[in-house]
Amino acid sequence: MTERVVVTSVGLVTPLGTGTELTWNNLIAGKSGIGRISKFDAEATGMACTIAGEVTDFDVSAFINRKDARKMDSFIHYGVAAAHMALEQSGLEITEANAERVGVVIGSGIGGMPAIERTMRAYEAGGARKISPFFIPMTIINMVSGWVSMLTGAKGPNTATVTACATGTHAIGDAFEIIARGDADAMIAGGSEACICELAVGGFSAARALSTRNDEPEKASRPWDSGRDGFVMGEGAGVMVLESLYSAKARGAEIFAEVVGYGMSGDAYHMTSPAPEGEGGGRCMKAALDSARLNPEDVDYINAHGTSTPAGDVCETQGIKGVFGDHAKKLMVSSSKSMTGHLLGAAGGIEAAFSVLAVHHGVVPPTINLDDPDPACDLDYVPHTAREADIDVAVSNSFGFGGTNATVIVRKFK
């Protein structure tokens, strides 16, 4: 018998604030978290892009002691903090009796690139003796899950996804399937990213992937708008506690939504560009609907990948039309990246969380900066202002470099 899987909490660290309530309130208010890069002197480097969605209010000491924090790069800090907040909100107590039934799957698209950058500079300046003994574990991606396990005592399945910008969604989908097949009662799942550093920003700039609207940071991320010119990099983490319905009910937990479907696909097309007409993403959405045993007409809202890139936004729109047909015009579709920027491997974690909160609160986050819609992008993108709505079923899409696609579907708990 397949277990039903529910969400019992959400933990968020984003450019809109540290904490789920602060992030959600700013998101619904249509506030932008994009500004000039402060982590290094981007203008002095001569990079084309000098803006990003930075986390500006994070205090690591509120979540991790100083000794342990020094052994981690920032993406681990954010992931541990989001997991801590999610566990606290859920009320799930990990004990000797249940530890082996609680697991962790938190991924990252890039991992500890800032630590790699810092260590290389230290090595060049002072040789091998300047390399920290913690260098390797502070950079490898599965150490987010590892640290969460060590700090909480969770001894169940422990893994990490690394699928570029689809990472967080794959992590949540994998956790959903682990619980559904009975291998765990609860999973701490999501994505974390913190790579606003010279190498990462420089690399994406060299690939001409980033917006260069440096004089108007808050307006730079503009999905589906004719003036979009690339994505804006963001950082942070989104982590949820998923549980079997039996586990959640047994301890009287608050249930935010039910996870009902998960789909994956590959484009088999190009390193960075989506397949023509959104064919790969469309197959992914169809797979998730089949997994959930839902019809296209059952869906009310899509939290889109919506990165603000010229090709990606059109392809996702085409993919949605291909799957949902006439119903596509009745869907509410929005991109929270218009406010947070693109959190890469963490994007799916926070956006699945936003989908859960949209269902729970009955509010659809807006797409800001949609002033002049691209004629090829002609769906209801909830422009400028959040919308109250009775949302029964919500879809969250994430598509990554290498043609990897992931979709999760959440539903109002009944």
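Residues numbered from 1 in each chain as written. Predicted model: local features only at pLDDT ≥ 70, side-chain atom pairs only at ≥ 80, totals over all residues. Heavy atoms only, no water.

Caption draft 1: Up close: the side chain of S90. Take S90: it is sitting in helix α4 (residues 74-90). Accessibility expressed as a relative area gives 6% for S90, which makes it buried. For S90, the side chain forms a polar contact with the main-chain nitrogen of L92, separated by 3.0 Å. Not counting chain neighbours up to four residues away, the residues in contact with S90 comprise T8, S9, V241, R251 and A253. (Helix = DSSP H or I, 4+ residues; strand = E, 2+ residues; numbered from the N terminus. Buried < 20%, exposed > 50% of the residue type's maximum accessible area, 1.4 Å probe, protein only. Polar contact = N/O pair within 3.5 Å; in protein donor to acceptor, adjacent residues only side chain to side chain. Contact = heavy atoms within 4.5 Å.)

Caption draft 2: Region of interest: the pairing of strand β1 (residues 5-14). Counting buried residues in β1 gives 10 out of 10 residues, a clear majority hidden from the surface. In the sheet, β1 pairs with strand β9 (residues 257-266) via 3 bridges, with the strands oriented antiparallel. Residue pairing for β9: V7 is matched across the bridge by A257. Relative to strand β8 (residues 236-244), β1 is paired through 8 bridges, and the arrangement is antiparallel. Paired with G11 across the two strands is V239, which belongs to β8. (Pairing = 2+ DSSP bridges.)

Caption draft 3: Summary view of the pattern of salt bridges. Enumeration according to the criterion identifies 24 salt bridges in this entry. Where R118 meets D73, a salt bridge forms, and the shortest distance between an N and an O atom there is 3.2 Å. Within this pair, whereas R118 is found in helix α5 (residues 113-126), its partner D73 is found in the loop between α3 (66-69) and α4, the two being separated by 45 residues in sequence. Given the relative accessible area of 45%, R118 is considered partly exposed. Here K321 and D378 are joined by a salt bridge, their closest N and O atoms 2.6 Å apart. (Salt bridge = Lys/Arg side-chain N within 4 Å of Asp/Glu carboxyl O.)

Caption draft 4: Up close: the packing of aromatic side chains. Enumeration over the complete set of coordinates arrives at 5 aromatic pairs. Measuring from ring centre to ring centre gives 6.2 Å for F204 and F401, while their planes differ by 55°; the resulting arrangement is tilted. Separated by 197 residues along the polypeptide, F204 in helix α8 (residues 198-206) and F401 in the loop between β14 (393-400) and β15 (404-411) bring together distant segments of the chain. F401 sits in the partly exposed class, given a relative accessible area of 39%. Relative to Y381, the ring of W224 has its centre 4.1 Å away and its plane inclined at 15°; by these criteria the two rings are stacked. Of this pair, W224 sits in the loop between α8 and β8 while Y381 sits in the loop between β12 (363-364) and β13 (387-388), placing them 157 residues apart in sequence. Note on W224: relative accessible area 0%, which makes it buried. (Phe/Tyr/Trp six-rings, centres within 6.5 Å; stacked < 30°, edge-to-face > 60°.)

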